[in-house]
Amino acid sequence: MTARGLWQAFSRADRDPDALALGDLTRRTAVDRVTELARRLRTQGVRPAQPVGLQGPNRPEWVLGLLALIAAGACPLLLPADSPPAETHRLLRTAGARRTLVVDPDGADWAVLTGESEGAGRGLAGGETGSEPPTNAPGTLLLASSGSTGTPKVVARSPRSVLDEGVRYHRAGLARPDDRVLLPLPLSHAYALGWLAGALVAGAHVDPVPPRAVGAVHARLRERATVLVTVPGLARVLARRRALADDAPFPALRRVMAGAGYVDAELDALWTRTLGVGVSRNFGSSETGAVLWGEPGLPSGAVGHPMPGVRVDLLDPEGRPLPGSGAAQGELAVVLEDGSTHRLHDLADRDEHGVHRILGRARLGVVRRGARWVSTMEVESVLRTAPGVADLSVTATGPDDSDDQGLTVEYVPADPELAAPRRLQAYARAELAAYKVPDSFQPRYRLRRSAVGKAQAAPVYRLAAARPDTPAEQVLAAALAELGLPPLLAGGAAAADLARTAGLRADVLSPVLDTACALGLLATDSDTAGPPDAGVYPPDVVLAGRALAARVRGDAVDEGQRPPAAPAGPPPPDAGLRAAVAGLLAEAAVDGTPLEIGDGGVPRSADAEYGACVVVGGVHGPAARLGSLAALLKPKGLLVVADTFVSDPLTLTDETSRTTVVRWLVDGHLHWWTAQELRAGLEAVALRVEEIRAGEQAPYTILTARKTS
C-alpha cells in the first residue's frame, strides 16, 4: 500500500471517479468536497498537527469532515455524538483542542469550525491544556477510549497505524472493492473507524447510518448491501425485526460482523435461522485496532484467529509469552506491523486449533473465585436468557488481588415478579456451575450504556451552577432539598453512596439524579458548585417535590397531595389516537374483543386469553407488569401500546420531554421511558415487536407486538 493515510487511500487516481463511494456521493464528488473543505480549514487557521475536535451524526458528511481534517494536516479528535457537553469539554481539554469541526448535514453550511484559533490550545493526547507542544504527527487520529476500560482517555493513532488496520481488513477478505459496507455504528468508536479504514483501503462503497436507525438498515439491505457491521445488542434487535425477517434472504448480504461486545452461539444461531447469514466476530482495542476475527459458527465468546500482519501472544503472569501455538490461557499481547508490542490487558483461551476465546478484562471482566477463573461476560450471556430479564450487567466485587472475589448482577426486570431476584438466582444455579453463580442480584430501572451497548460505570454527581427556573427543574430541586442531598452532592457522590448515607432507595434515586443532570441541576464532570440558596417555590411545586422525595425514601405517597399541574404531564389521549388504535386492530383481524388496560394495570378479573390487548397511556407506571400483559394473550395474540416516550432520558433537549420525565418521576412511572427500552422489556417476556411508529397525536407513539407461538 503506497498511501500514507486514509485521505491518500481514498483519493487514489486509479479508482473509478463515477462509482458511488460514500453514501449517495460518487468518489469524484466526495474528493472535490473534501478538497474544498480542507482548503477552507487552512484558510481559517487550522495548522498541521493541531488537535481539532470532530463531532456530528453518523452520516457521509462526518467521513468527509474526517478526511478534510486529515488532508489539512490536523489531528482529528473523534468526539462521540452522544456525549453530554461536560464530557465533550473534558475530552477537548485532555487533547489540548480548542476548535471543533461540527458537521450538520441538514444545516445551511454542512461543516462549521467553532472555537478559538491557535494559541492556548496546545497539548499532548492524554495531557492537559498548557502542557508541551504536540508531538503527534500531522494526520494522527485521537480517539476517546471505551468507558469499559475505566475513565475515558484520549488514545493517539498514527496515520500509518490506522492505514495498517485497514489493510488487515482488506487482506483478510473482509472488505473487498465490490463491497457495499453498511456502518450503523458511532463513527467515533475505534471499532467503526477500523472498518471505515478497511473499506476506504479496499475501495469499497461505505454507507454510514445512525446507530439505531433500524429502518435505514433494512432499506440498505434491500438495496443490496453486502457487509453489515454491527454490535451484539443491535444485531439482536435487527434479527428480531419482522420486516427484515420477512424480506430475508438478502441475496447480496455475504457477511454480518459483530464486534465491541460478547457474541454468543445463540446470537449466531438466531441470525442463521432468521436471515440465513451467521455472525462473524471481531476483537481489538483502541490502541491497536482489530487484531482477531472469526467466521460464523464459533463457540460463545470465541473471536477466531489473528488478522493478517498481526502476531498474537498469550502471556504468563510474569508477562512472558507462553511457548507454542496450541491450547493455552493467558493475557493477550500483540505485535503489530511496525514491530510495536501492546499488552491488551484481556485474558483469553486459545484452543488446539488456534482459535481465541475472550474471557474478559484482566482484573475487571475475569475474576478469581477459589481455584477457578470466571468470565463476567459468560455469566452475562447466560443470565440474559433468563425469563423476564430486559437488560443485565455482571461486575466483580472485592479487592482486585483477592483469590475469592464476589459477583454482583444488576438487571432490568420486565416484570418484578417474573424476574424477581430469587427466580434469577434459581435460574443461575440451574444454568451455571456453582462457582460461577453470582452472590447478589440487584434489580434496577435502567442500566447506563454507551452508544455501542457497553455498560458504563456509575457516575459521580456534583452540584452544577444552574438555577432552577422552570417548574420541572424546581420540582427536582425541591425534592433534592427535601432529601437533604445538596451538602452531600457539593463534593461529588455516586448514587449508591448517597443511598447508603441517606437511607434512600438507590434504584429510584438513580433516575432522579440522571434527570437532574439532563436538566442542568447536577453535573458529572470535575467542575463543582457550592450549595444553592434555599429556593422559595410555589406550593404545588413543593408538594410535587415532597411526593418525589417520598418515593426515593420508599415511603408511602399521599396520592391526594399530588398536584395535577406542576409540572404538566403529556396531554391525555384523544379520540383521534383511539381511532388510530381501532383502525390498527381492524387491519389485524383480531380474534374476539380486545381487552383495554389503563393506568391501573391488569384487572384482577382478567384471567382469560385474549386475541388482543390495548394499553393507552399507562405503560410507564409500576402497574405495567409486562409479564402479566403477555400472559393475557393467546399464542400469536397482539399487544398495542399507545403512549408517550422520550428519545434519551440522559439528554432531554426539549421542554416537553423535560416536563414529561419529571411528571413520570413524581407519579412513580420509572419504567420504559424510551420505545427501545420497552422493546427490550417486551422481548424479555416472549413478545415480538412488529412495529414502532409515531402517532398522529404528538407526542404519542404506537407500538405493536405479537406473542410468539
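What counts, and where the lines are drawn
- Residues numbered from 1 in each chain as written.
- Predicted model: local features only at pLDDT ≥ 70, side-chain atom pairs only at ≥ 80, totals over all residues.
- Heavy atoms only, no water.
- Helix = DSSP H or I, 4+ residues; strand = E, 2+ residues; numbered from the N terminus.
- Buried < 20%, exposed > 50% of the residue type's maximum accessible area, 1.4 Å probe, protein only.
- Contact = heavy atoms within 4.5 Å.
- Areas by Shrake-Rupley, 256 points an atom, 1.4 Å probe, with all protein chains shown as cover.
- Salt bridge = Lys/Arg side-chain N within 4 Å of Asp/Glu carboxyl O.
- Polar contact = N/O pair within 3.5 Å; in protein donor to acceptor, adjacent residues only side chain to side chain.
- Pairing = 2+ DSSP bridges.
- Expected span 1.5 Å × (residues − 1).
- Axes fitted to C-alpha atoms, helices over the stretch in contact; angles between N-to-C directions.
- Phe/Tyr/Trp six-rings, centres within 6.5 Å; stacked < 30°, edge-to-face > 60°.

Attention now moves to the overall build of the chain. Secondary structure assignment for the chain yields 21 helices and 32 strands. For the chain, the residues scored as buried account for 54% of the 709 residues in total. Excluding contacts between residues fewer than 6 apart, the proportion of contacts in the chain whose partners are at least 24 apart in sequence is 66%. Per element, the accessible surface of the chain, about 29,100 Å² overall, is 51% carbon and sulfur.

This part is about the pattern of salt bridges. Per the stated rule, a full pass over the model turns up 37 salt bridges. Residue R222 is joined to D247 by a salt bridge in which the shortest nitrogen-to-oxygen separation is 3.5 Å. You can see R222 sitting in helix α7 (residues 214-222) and its partner D247 sitting in helix α9 (residues 242-247), a full 25 residues away along the chain. Overall, the relative accessible area of 57% leaves R222 in the exposed class.

Here we come to the side chain of T644. Along the chain, the position of T644 falls in strand β30 (residues 633-644). Using a relative accessible area of 2% as the deciding quantity, one classes T644 as buried. Within the local environment of T644, its side chain forms a polar contact with the side chain of D643, the two groups lying 3.5 Å apart.

Burial analysis of strand β5 (residues 99-103) places four of its five residues in the buried class, the great majority of the element. The pairing of strand β3 (residues 51-55) with β5 spans three bridges and is parallel. Counterpart to L54 in the pairing with β5 is L101. With five bridges joining them, β5 and strand β6 (residues 111-115) adopt antiparallel strand pairing. Across the sheet, residue L101 finds its bridge partner in β6, namely L113.

Turning our attention to helix α6 (residues 190-202). Structural remark: α-helix, 3.6 residues per turn; residues separated by three or four positions point the same way. With 13 residues, α6 should reach 18 Å at 1.5 Å per residue; the first-to-last C-alpha distance of 18 Å fits that figure. For α6, a buried count of 13 out of 13 residues is recorded, marking the element as mostly surrounded by other parts of the structure. Within two residues after α6, G203 carries a phi angle of roughly 80°, on the positive side.

Backbone hydrogen bonds hold the strands of a sheet together, and the pairing may be parallel or antiparallel. Sheet architecture is open: five strands sit in the order β28-β29-β30-β32-β31, paired in mixed fashion. Looking at strand neighbours, the two that pair on one side only are β28 (595-597) and β31 (687-694), the edges of this open sheet. Shown here is a sheet whose adjacent strand axes are inclined to one another by a mean of 15°, direction ignored. One ladder, built from seven bridges, connects β30 with strand β32 (residues 700-707); its direction is antiparallel. Among the inter-strand pairings, L639 is bridged to a residue of β32, identified as A705. Set on the sheet, helix α18 (residues 575-588) makes contact with β28, β29 (610-616), β30, β31 and β32; between it and β30 the angle comes to about 160°. Its contacts with the sheet put helix α21 (residues 675-684) on β30, β31 and β32, and the angle it makes with β31 is roughly 160°.

Counted according to the given criterion, the structure contains two aromatic pairs. With 4.7 Å between their ring centres and 45° between their planes, Y169 and W195 make a pair best called tilted. Note that Y169 is positioned in helix α5 (residues 159-171) and W195 in helix α6, a separation of 26 residues in sequence. Residue W195 is classed as buried on the basis of its relative accessible area, which comes to 0%. With centroids separated by 5.8 Å and ring planes inclined at 45°, the aromatic side chains of W664 and W673 adopt a geometry described as tilted.

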